[in-house]
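Fold and geometry: a report
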Amino acid sequence: MGCLGLDTVASRPFSPEEVDLAWNVANQVAGVLARVRLDEGRQRLQVQYHQAQKMEAVGLLAGGIARALALKVWEVLDGQPENGQAQSTEGAN
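Overview of the structure. Owing to the predicted nature of the structure, the values given are computational and were not obtained by experimental measurement.

1. Comments concerning the pattern of salt bridges
In total, this model carries 2 salt bridges according to the counting rule given. Of the charged contacts in the structure, one is a salt bridge between Glu-18 and Arg-12, with a shortest N-O distance of 2.8 Å. Residue classification places Glu-18 among the partly exposed residues on the basis of a relative accessible area of 30%. By relative accessible area, Arg-12 is classed as exposed at 52%. Of the charged contacts, one joins Asp-39 and Arg-42 as a salt bridge, the two residues approaching to 3.9 Å between their closest N and O atoms. In this pair, Asp-39 and Arg-42 are both assigned in helix H1 (residues 16–78), 3 residues apart and thus about one turn of the helix distant. We classify Asp-39 as partly exposed; its relative accessible area is 38%.

This is the structure in structure tokens:
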């Protein structure tokens, strides 16, 4: 592990090794930041994908309910029960 001292009073130019070290550290930090941004973006996309799946499921359910309701309405309008048996008024008395 290294140490960077900033307590010198006299200014001096950086050595090539110090410049290389600074560039290496900067590149590593940039890489980490890029990975963090990618992970955040991936997580956002996953949330959006799961929300879209939920909406699709609700849409399918609503479509199924609407179809079943429409079939019931047509049965009532046609005067025929769902199971195909004719309604009898004889047993009602």
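Text resumes after the structure shown.
2. Examining H1
If you check H1, its first and last C-alpha atoms are 91 Å apart, about what 63 residues at 1.5 Å a residue would give, namely 93 Å. Positive phi shows up at Gly-79, right after H1, with a value of about 80°.

3. Let's talk about a nonpolar patch on the surface
Together, Leu-21, Val-25, Val-29 and Leu-33 make up a nonpolar patch on the protein surface, roughly 340 Å² of accessible area in all. Position of Leu-33 among the secondary structure elements: in helix H1. Residue Leu-33 is classed as partly exposed on the basis of its relative accessible area of 41%.

Here is what the cut-offs are and how they apply
Residues numbered from 1 in each chain as written. Predicted model: local features only at pLDDT ≥ 70, side-chain atom pairs only at ≥ 80, totals over all residues. Heavy atoms only, no water. Salt bridge = Lys/Arg side-chain N within 4 Å of Asp/Glu carboxyl O. Buried < 20%, exposed > 50% of the residue type's maximum accessible area, 1.4 Å probe, protein only. Helix = DSSP H or I, 4+ residues; strand = E, 2+ residues; numbered from the N terminus. Expected span 1.5 Å × (residues − 1). Patch = residues over 30% accessible without salt bridge, like charges linked within 9 Å, V, L, I, M, F, W, Y side chains within 5 Å. Areas by Shrake-Rupley, 256 points an atom, 1.4 Å probe, with all protein chains shown as cover.

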